[in-house]
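If you want the building blocks of each chain, they are given just below.
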Amino acid sequence: MKKIELEIVALSHSITQTHSYAVVLGEVNGMRRLPIVIGGFEAQAIAVALERMQPSRPLTHDLMKNFMMAFNVELHEIVINDLQEGIFYSKLLCSTDHDTVEIDSRTSDALALAVRFGCPIYTYEHILESAGILMEDEEKKKEEVPVTSTGEPGEKDDLKKMSIEELQNLLNEVLEQEDYIKAIAIRDELSNRKK
């Protein structure tokens, strides 16, 4: 089967499930999108890696990467290889000097590791055919939620109403709570005001 390369194009709150997030993968050089519902912890792990933030303590996926690197295990790619009853299944293609293995993984964990290792993300045509969404033109592509958005209803408006000092205090609070997704949104608002 021919593999189709994907990239992360958006990360936001899931519209369909409370306390869940959606990561949207886009077909490289194509118009199809693959939305996948993931948990808050995994969304945070992906957001932290995408934004190249350095948490004070390693998150689980950072620990996994450190462990793999310490034992010379290389992550070459992840493949979203199956979809059953709305659940995506993935494999990690890893190798050492002596062996190459495929390791079963939750898709959210595989994506968090792919971002950390900078390795490609693939899927197959039948998965894009059954769960993908076709973006019809470039205008719709521009309407996608940017990767750093949390997608919380009204959150951006609330941040816009706050002073720089209030934003700075809120940023310190959410960083202490290790809520990196909210920290990214606050940081972006502060950056926009400095322009």
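Throughout what follows, the structure given in this document is the object of discussion. What you see is a predicted model; the values in this text were computed from it and never measured.

## Let's talk about the overall build of the chain
Looking only at helices and strands, the chain has eight helices and eight strands in total. Within the span of the chain, comprising 195 residues, buried residues form 43% of the whole. Restricting the contact set of the chain to residue pairs at least 6 apart, pairs at least 24 apart contribute 58%. Carbon and sulfur atoms form 51% of the exposed surface of the chain, whose accessible area is close to 11,500 Å².

## Some thoughts on the packing of aromatic side chains
A complete count under the given rule lists one aromatic pair for this structure. When the ring of Phe67 is compared with that of Phe71, the centres are 5.0 Å apart and the planes differ by 45°; the resulting orientation is tilted. In this structure, Phe67 and Phe71 share a single accessibility class: exposed. Taking the ring centre of Tyr122 as reference, the NZ or CZ of Lys3 above it sits at 4.8 Å.

## Observations regarding the pattern of salt bridges
Tallied over the entire structure, the rule returns seven salt bridges. For Arg32, the salt bridge identified is with Glu125, shortest N-O distance 2.6 Å. Taken together, the residues Arg32 in strand β3 (residues 32-39) and Glu125 in helix α4 (residues 125-131) connect sequence positions 93 residues apart. Look at Glu125 and you get partly exposed, because its relative accessible area is 36%. Between Asp109 and Arg106 there is a salt bridge, with its nearest N and O atoms 2.9 Å apart. Each of Glu27, Arg32 and Glu125 takes part in one network of salt bridges that share partners.

## Details of helix α1 (residues 40-50)
The buried count for α1 comes to eight of 11 residues, which makes it a mostly enclosed element. Looking at α1, one finds that the buried residues are Glu42, Ala43, Gln44, Ala45, Ile46, Ala47, Val48 and Ala49. Backbone geometry just after α1 places Arg52 at a positive phi near 55°.

## Digging into helix α2 (residues 60-70)
Along α2, the positions that sit buried rather than exposed are His61, Asp62 and Met68. Viewed along the axis of α2, the buried residues span an arc of 125°, placing them on a single side of the element. Turned more than 90 degrees from where α2 packs its buried face, Leu63, Phe67 and Ala70 sit exposed. Asn72 sits one or two positions beyond α2 and adopts a positive phi of about 55°.

Reading the values: rules and limits
- Residues numbered from 1 in each chain as written.
- Predicted model: local features only at pLDDT ≥ 70, side-chain atom pairs only at ≥ 80, totals over all residues.
- Heavy atoms only, no water.
- Helix = DSSP H or I, 4+ residues; strand = E, 2+ residues; numbered from the N terminus.
- Buried < 20%, exposed > 50% of the residue type's maximum accessible area, 1.4 Å probe, protein only.
- Contact = heavy atoms within 4.5 Å.
- Areas by Shrake-Rupley, 256 points an atom, 1.4 Å probe, with all protein chains shown as cover.
- Phe/Tyr/Trp six-rings, centres within 6.5 Å; stacked < 30°, edge-to-face > 60°.
- Lys NZ or Arg CZ within 6 Å of the ring centre and 35° of its normal.
- Salt bridge = Lys/Arg side-chain N within 4 Å of Asp/Glu carboxyl O.
- Arc of directions from axis to C-beta.

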